[in-house]
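Residue-level structural notes
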Amino acid sequence: CEHLAGLPGLMGGSRPELGRDYRSIVFGNYVVFMRYADEEALRSHLYGVHVVHGARDIDAYFTEHADEE
C-alpha cells in the first residue's frame, strides 16, 4: 500500500459496481481495493479499503460486507 500511495495519478481500474469511487489492482494472489480522497489531485490520499484473496468470489464478499461501509 505504501508503494501505491507514492505513485502519481489514479492506480487500478475503476470498480463502480462495488462501491462509490472504488478502484482495484492485483498484487500477487490478492486484489487490493482502494479509494482516493480526491481524484482531481495527482497525489491524493489513498485509502486501502479491502485486501481480498483473488480466489474469493468478489461479488459475494462485497455483499457480505456491505453493512461495514
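Just so it is clear, the model here is predicted, and its values are computed rather than measured. Numbering of residues starts from 1 in every chain and runs along the sequence as written. Thresholds applied to this predicted model are a pLDDT of at least 70 for local features of residues and 80 or more for the giving and counting of side-chain atom pairs; totals over whole chains, interfaces and linings are not thresholded and use all residues. The side-chain figures draw on all heavy atoms in the structure; neither hydrogens nor water molecules are used.

1. Description of the overall build of the protein chain
Strands here are runs of E lasting at least two residues and helices are runs of H or I lasting at least four, both read from the DSSP assignment and numbered beginning at the N terminus. A count of helical and extended segments in the protein chain gives two helices and four strands. Starting at the N terminus, the α and β elements of the protein chain follow one another as α-β-β-β-β-α. Note on exposure labels: buried denotes an accessible area under 20% of the residue type's maximum, exposed denotes more than 50%, and partly exposed covers the range between, all computed with a 1.4 Å probe on protein chains only. In the protein chain, buried positions account for 28% of the 69 residues. A separation of at least 24 residues holds for 27% of the contacts in the protein chain among residues at least 6 apart in sequence. For accessible areas, the Shrake-Rupley method is used with a probe of radius 1.4 Å. Any residue's cover is judged against the shown protein chains and nothing else. On the protein chain, roughly 4,800 Å² of surface is accessible, and the fraction owed to carbon and sulfur atoms is 52%. Here, residues are in contact when the closest pair of their heavy atoms is within 4.5 Å.

2. Examining the sheet that holds strand 1 (residues 13-14)
With antiparallel pairing, four strands are arranged side by side in an open sheet as 1-2-3-4. Either end of the sheet is taken by a strand with one partner, and the two such strands are strand 1 and strand 4 (46-53). Here two bridges tie strand 1 to strand 2 (residues 23-27), and the two strands are oriented antiparallel to one another. Note that in strand 2 the partner of glycine 13 across the bridge is serine 24. Between any two strands, at least two bridges found by DSSP are needed for them to pair.

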